[in-house]
Amino acid sequence: MRILAVDYGEARTGLACCDAYESIASPVGTVCEWNRDACAAKIAAKAAELGTELIVVGLPVNMDGSCGERAKRCEEFAASLRELTGLEVELWDERVTTVQAIGILNETNVRGKKRKAVIDTVAATLILESYLSYRKKKSGSKQQV
C-alpha cells in the first residue's frame, strides 16, 4: 500500500511516501504554503499523483502526552485532507522527529539554507518509518495468533 506521510507546518510541510510493499520510506518534497486550505489542496493533488491509499499526518503531542494548540491544528488539517481526498487519514505521534531530523542533518553536515529546505521532508520520512515499523509489528502479531 502506498502511504503518504505529512509533517504539517505553518510555512513548510514535508512529505514522504513509501513503495507499494511498505519497505522503503522516501522524501518526496516540501510544500511551501501559509494557507491551510491551499496546502491541503496541494497535498491532495500530490497524493493522487503518487497513487496514495493512506495518509499519515504527524501529530505533535507534548512530551507529557497532552495535545496543545499545534496538535489541534494538525487534527484540523488531517480532517481537511480526509475531506479533500476521500482517503483514510491517520494521525501519528511525531514526538522528537524534528529533533531526530536535526541530528541526522548534523551528522551529514547539512546546515543553513540547505537544512531549512530539507528538515521537513526528513521529519516526514521519520514519521513514515515509525508508522511502517508499527504496521509491520501489528501485522506480525496477527500472523502469530
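Residues numbered from 1 in each chain as written. Predicted model: local features only at pLDDT ≥ 70, side-chain atom pairs only at ≥ 80, totals over all residues. Heavy atoms only, no water.

Looking at an unreviewed UniProt entry, one finds the chain named Putative pre-16S rRNA nuclease and attributed to Candidatus Faeciplasma pullistercoris. You can read under Sequence similarities (unreviewed entry) in the UniProt record for the chain the words "Belongs to the YqgF HJR family." Its UniProt record, at the heading Function (unreviewed entry), says of the chain: "Could be a nuclease involved in processing of the 5'-end of pre-16S rRNA." (UniProt positions renumbered as here; feature names shortened; annotations may be inferred.)

Caption draft 1: Region of the structure containing the environment of Arg12. Mapping Arg12 onto the fold places it in strand β2 (residues 12-18). Judged by relative accessible area, which is 24%, Arg12 ranks as partly exposed. The spacing of Arg12 and Cys32 is 20 residues in sequence and 4.5 Å in space, taken between C-alpha atoms. Separated by 2.9 Å, the side chains of Arg12 and Asp120 make a polar contact. (Helix = DSSP H or I, 4+ residues; strand = E, 2+ residues; numbered from the N terminus. Buried < 20%, exposed > 50% of the residue type's maximum accessible area, 1.4 Å probe, protein only. Polar contact = N/O pair within 3.5 Å; in protein donor to acceptor, adjacent residues only side chain to side chain.)

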